[in-house]
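Analysis of the macromolecular model
This is what each chain is made of:
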Amino acid sequence: MENKKDYLLEVKHLRTSFFTTNGEVKAVNDVSFHVNRGEVVAIVGESGCGKSVTQMSIMQLVQSPPGKILGGEVIFNGKNLLEYGPNSKEMRSIRGDKIAMIFQEPMTALDPVMTIGDQLVEVIRTHRKVSRKEALVIAEKALDSVGIPDAKARLTNYPFEMSGGMRQRAMIATAVACESELLIADEPTTALDVTTQAQVMELLVDIVHKRGMSLIIVTHNLGVVNRYADRIYVMYAGHVVEQGTTEQILKYPHHPYTEGLLASVPKLEEEVGEKLVPIPGTPPNLTDIPDICPFIPRCRYVCDKCRNSAMPPLEKAGEGGRYLACYVDINTNEVRDNG
Amino acid sequence: MAEEKDVILDVQNLKMYFKTAKGFKKQVVKAVDDVSFQVLKGQTLGLVGESGCGKTTTGKCILRINDPTDGHIIYKGRDIARLKKSELRENRRDIQLIFQDPYGSLNPRQNLRTILKDAIVGDHKPHTAEEIRREIDRLLTLVELSPLMADRYPHELSGGQRQRLGIARALACKPTLIVCDEPVSALDVSIQAQIINLFERLKDELGLTYVFIAHDIAVVKHIADVIAVMYLGHIVEMMDAKQIFRNPVHPYTRSLLSAVPTVDYDSERTRERIILQGEVPSPTHAPSGCPFHPRCVYAKDICSKECPALKDIGDKHSVACHFAEQFSSEK
């Protein structure tokens, strides 16, 4: 059993909602997960499943109103971050320093009218007591370590002078410069080309491992997480529906949604002419949803118990730290016996 | 070689250059440079490559949205590249386009009925109101949308439904050839599979021919019969879709395949991986010789001097590489 002390981050029963004119949108609905030190964890799900809002809630960057963190705990290094307000001194010193975040589109995360050097120096000097000169040296080293050639000259470049892959590297450099403990990468390679994507992912994971950082990869692409993640959490409609090691999730999916996701992906190895098995229907609208399993309308295995019971809790299923939120055993198509 | 009459689209030495200027310095972007391919009736040609490789520009030339700089696009015996504007009208109905983001190509103020009606009556033939109504119902059913949705507006649809509407609108013109430009890239995985299956079903039912443009090689492999891999405006390898995974020859195709993440746990950990260095060069400063040589690990002297031509290496497989024979015999 893993030791609780190894947890760098533990999120417990997090709930975040958006209060819109159409009603309450339960974007994150009782989500719990943890990240060990030095571990790469992936949060996988389709758009609107709450995977990004979960990360924004950890950083307390949820726009309020309409968003509101309704409850739960975000324990980072033994302290509950939610006890600090979003604008508190403590939270500001953690954001960008202890916990760094990388976004899908680096161009919107970088300031278009500041040079890369100035942006890095700003971040470094916000969190470290160093002179501008010293900060520039740290910035140059950081750029160098993320594989940007001719780092010194690049410090005077503006973001528009860099390619997409370079910009994403510069974002990673800010995390390196501050020696963050946890890096949250929200769809870090979705906007990049396949060959650049492979480069950036290799770099990201390499840096994380070398520096003993932890990494949360948020993505919709199961392929990206296959190679790099130690553990996977699958999210659907604001809930974590399955959790396990990468091998468990990809080889032996237990939740009908995970199984459906894997069957929907076109595979390179397959013979030509094989049919894809899509998940029918569309993801649910999260406005005022009832507290039952949200996957029921699209599920092949749905039974009476699913329809008549509340949302199944995320419970231990089998050996090896595997958790599942489903009443049905998809291998036997019978209601599982949880004892 | 396929018989002449089966070839529906024959693109010969297509060139599309854009003139740009940086300050006072005039530059030429060779977006598509000497591209040739044939599409057989009822087949799907997959154009795959990274951004800036010219795949979309090729598609636009087929539709004559761009006027090609040079080359021929023979469609049903006529050269589209040379047609007068007035002669294009007919072609425009026969060759349809489906976009990546259907929301950007749908008028937000028109409901589904109006959108489809405009496409149906665009042929300037007399239609009765009853005919149009029946045709709209037929089209919506064809793409697996409910005819009851005809009075909705695009913003009320989900991404997958909007793409279905985009397909229905294209089908309203009863086209023979459809150019699909990244039609599933913006969709979620579970929806993507639905749309891919829809494309395949429609092709079989209506006898359509597709030019399917995408950056995701796994998607293209799934849907296409023939795949053309593009890099910096050139086709570097063209082959039967069955061959691409078994016998890729060009170093770029190999690295592209190895960079694609897969969901198979075991094969992802055992297969060979080539991570390319650097990035795609800017097409304004395209390298001399083979466009891929600055990033190619096998590059020799000749590669920087001469641009290799697309050579047939047998089994409907052609490669543009000086060392194609050597690489293909290694397998």
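Source: prediction; values computed, not measured. (Residues numbered from 1 in each chain as written. Chains lettered and ligands numbered in written order. Predicted model: local features only at pLDDT ≥ 70, side-chain atom pairs only at ≥ 80, totals over all residues. Heavy atoms only, no water.)

Each helix and strand counted, chain A has twelve helices and 14 strands in total. Across its three principal directions, the C-alpha atoms of chain A cover 65 × 50 × 45 Å. Taken across its 339 residues, chain A has 55% of its residues classed as buried. Long-range contacts, defined as pairs at least 24 residues apart, comprise 63% of the intrachain contacts of chain A with a sequence gap of at least 6. Of the roughly 14900 Å² that chain A leaves accessible, carbon and sulfur atoms contribute 50%. Taken together, the 37 basic and 43 acidic charged side chains of chain A have centroids lying 6 Å from each other. (Helix = DSSP H or I, 4+ residues; strand = E, 2+ residues; numbered from the N terminus. Buried < 20%, exposed > 50% of the residue type's maximum accessible area, 1.4 Å probe, protein only. Contact = heavy atoms within 4.5 Å. Areas by Shrake-Rupley, 256 points an atom, 1.4 Å probe, with all protein chains shown as cover. Lys, Arg positive; Asp, Glu negative; His and termini not counted. Charge placed at Lys NZ, Arg CZ, Asp CG, Glu CD.)

With that out of the way, let us pick up the side chain of His-127 of chain A. All names here are of chain A. Following the sequence through the fold, His-127 ends up in helix α4 (residues 116-127). Judged by its relative accessible area of 18%, His-127 is buried. Within polar-contact distance, the side chain of His-127 engages the backbone oxygen of Arg-95 at 3.3 Å. (Polar contact = N/O pair within 3.5 Å; in protein donor to acceptor, adjacent residues only side chain to side chain.)

Residues and elements named next belong to chain A. Two elements in contact, helix α5 (residues 132-145) and helix α7 (residues 164-177), have axes whose closest approach is 8 Å; the angle formed by their N-to-C orientations is 125°. Taken as axis vectors, α5 and α7 run oblique relative to one another. Viewed along their axes, α5 and α7 form a crossing whose handedness is right-handed. Listed contacts from α7 to Ile-138, Ala-142, Leu-143 and Ser-145 of α5 are Ala-170, Ala-173, Val-176 and Ala-177. A class-by-class count of the residues in the contact of α5 with α7 yields seven nonpolar, one polar and no charged. (Axes fitted to C-alpha atoms, helices over the stretch in contact; angles between N-to-C directions. Parallel < 35°, antiparallel > 145°, perpendicular 65-115°, else oblique. Left-handed = near helix turned anticlockwise from the far one by under 90°. Nonpolar A, V, L, I, M, F, W, Y, C, P; charged D, E, K, R; others polar.)

Opposite the 46 residues of chain A that make contact, chain B presents 42 residues. Around 4000 Å² of area is buried between chain A and chain B when both sides are counted, 56% of it from carbon and sulfur atoms. Across the contact surface, chain A and chain B share three salt bridges. Looking at the side of chain A that touches chain B, the elements with two or more residues in it are α7, α8 (194-210), α9 (222-228), α10 (246-251) and α11 (256-264) of chain A. Looking at the side of chain A that touches chain B, the element that brings in the most residues is α8 of chain A, giving seven residues. Residue composition of the side of chain A that touches chain B, by class: 18 nonpolar, 15 polar and 13 charged. (Buried area = accessible area lost by both parts, 1.4 Å probe. Salt bridge = Lys/Arg side-chain N within 4 Å of Asp/Glu carboxyl O.)

What follows is about the environment of Thr-262 of chain B. Relative to the helices and strands, Thr-262 of chain B is located in the loop between α9 (251-259) and α10 (265-270). According to the relative accessible area criterion, Thr-262 of chain B is buried, its value standing at 7%. Sequence spacing of Thr-262 of chain B and Ala-218 of chain B is 44 residues, and the spatial spacing of their C-alpha atoms is 8.9 Å. Contacts of Thr-262 of chain B, omitting those with residues within four sequence positions, involve Gly-223, Asn-226, Leu-268 and Glu-269 of chain A together with Ser-267, Glu-268 and Arg-271 of chain B. One polar contact links Thr-262 of chain B to Glu-268 of chain B, side chain to side chain, over a distance of 2.7 Å.

Summed over all chains, the structure comprises eleven aromatic pairs over all chains. Here the aromatic rings of Tyr-236 of chain A and Phe-295 of chain A are separated by 5.1 Å at their centres, their planes lie at 85°, and the arrangement is edge-to-face. Of this pair, Tyr-236 of chain A sits in strand β9 (residues 231-236) while Phe-295 of chain A sits in the loop between α11 and α12 (304-308), placing them 59 residues apart in sequence. For the pair Tyr-236 of chain A and Phe-295 of chain A, a shared accessibility class is recorded, and that class is buried. Ring plane angle 90° and centroid distance 5.4 Å describe the contact between Phe-199 of chain B and Tyr-210 of chain B, whose orientation is recorded as edge-to-face. With a gap of eleven residues between them, Phe-199 of chain B in helix α6 (residues 189-206) and Tyr-210 of chain B in strand β8 (residues 209-214) connect regions that are remote in the sequence. Relative accessible area serves as the criterion here: at 1%, Tyr-210 of chain B is assigned to the buried category. In this structure an aromatic cluster arises from ring pairing among Tyr-236, Tyr-257 and Phe-295 of chain A. The lysine or arginine in question, Arg-269 of chain B, covers the ring of Tyr-265 of chain B, its NZ or CZ lying 3.8 Å from the ring centre. (Phe/Tyr/Trp six-rings, centres within 6.5 Å; stacked < 30°, edge-to-face > 60°. Lys NZ or Arg CZ within 6 Å of the ring centre and 35° of its normal.)

This next bit is on the environment of Glu-334 of chain A. Residue and element names in this part refer to chain A. As for its placement among the helices and strands, Glu-334 is situated in strand β14 (residues 334-335). Residue classification places Glu-334 among the exposed residues on the basis of a relative accessible area of 53%. The spacing of Glu-334 and Ser-163 is 171 residues in sequence and 52 Å in space, taken between C-alpha atoms. Residue contacts for Glu-334: discarding those within four places in its chain leaves Tyr-327, Val-328 and Asp-329.

Here we take up the sheet that holds strand β10 (residues 234-240) of chain B. Residues and elements named next belong to chain B. Read across the sheet, eight strands follow the order β6-β7-β8-β3-β9-β10-β12-β11 without closing on themselves; strand pairing throughout is mixed. Each edge of the open sheet carries a strand with a single partner, namely β6 (95-98) and β11 (311-312). Looking at chain direction, β10 and strand β12 (residues 318-319) are connected through two bridges and run antiparallel. Within the sheet, the bridge partner assigned to Met-238 lies in β12 and is Ser-318. (Pairing = 2+ DSSP bridges.)

Turning our eyes to something else, we now look at the confidence of the model for chain B. Of all residues in chain B, 98% have pLDDT values of 70 or greater, and the mean over the chain is 88. This complex was scored by the predictor with a pTM of 0.86 and an ipTM of 0.81. (pLDDT = per-residue confidence, 0-100.)

Let us now look at the packing of helix α3 (residues 112-121) of chain B against helix α4 (residues 129-142) of chain B. Between two packed helices, what matters for the description is the angle formed by their axes and the separation of those axes. Residue and element names in this part refer to chain B. Close contact between α3 and α4 brings their axes to 10 Å; oriented N to C, the two are set at 110°. Taken together, the axes of α3 and α4 lie roughly perpendicular to each other. Touching Leu-112, Arg-113, Leu-116, Lys-117, Ile-120 and Val-121 of α3 are Ile-132, Arg-133, Glu-135, Ile-136, Leu-139 and Leu-140, all from α4. By residue class, the composition of the contact of α3 with α4 is eight nonpolar, no polar and four charged.

Our next topic: helix α1 (residues 55-62) of chain B. Residues and elements named next belong to chain B. Of all eight residues in α1, six are buried; the element is thus mostly enclosed. Within the sequence span of α1, burial applies to Lys-55, Thr-57, Thr-58, Gly-59, Cys-61 and Ile-62. Positive backbone phi, approximately 60°, marks Arg-64, located one or two places after α1.

Now for the environment of Gln-100 of chain B. All names here are of chain B. Considering the arrangement of structural elements, one finds Gln-100 in the loop between β6 and α3. Between the C-alpha atoms of Gln-100 and Gly-166, which are 66 residues apart in sequence, the distance is 9.7 Å. Each residue touching Gln-100, except ones within four places of it in the same chain, is listed here: Gln-163, Asp-181, Glu-182, Pro-183, Ser-185 and Ala-186.

The next subject is unusual backbone geometry. The omega angle of the peptide bond from Ser-64 of chain A to Pro-65 of chain A is -15°, so this bond is cis rather than trans. With respect to the secondary-structure elements, Pro-65 of chain A resides in the loop between α1 (51-58) and β4 (67-76). For the bond running from Pro-65 of chain A to Pro-66 of chain A, omega is 10°, close enough to zero to count as cis. Unlike most non-glycine residues, Leu-232 of chain B shows phi in positive territory, near 45°. Looking at where Leu-232 of chain B falls in the secondary structure, it is placed in the loop between β9 (226-231) and β10.

Residues and elements named next belong to chain A. For strand β2 (residues 23-36), a buried count of ten out of 14 residues is recorded, marking the element as mostly surrounded by other parts of the structure. Across eleven bridges, the pairing between strand β1 (residues 7-20) and β2 is antiparallel. What sits directly across from Arg-15, in β2, is Asn-29. Hairpin remark: β1 followed by β2, antiparallel, with two residues in the connecting loop.

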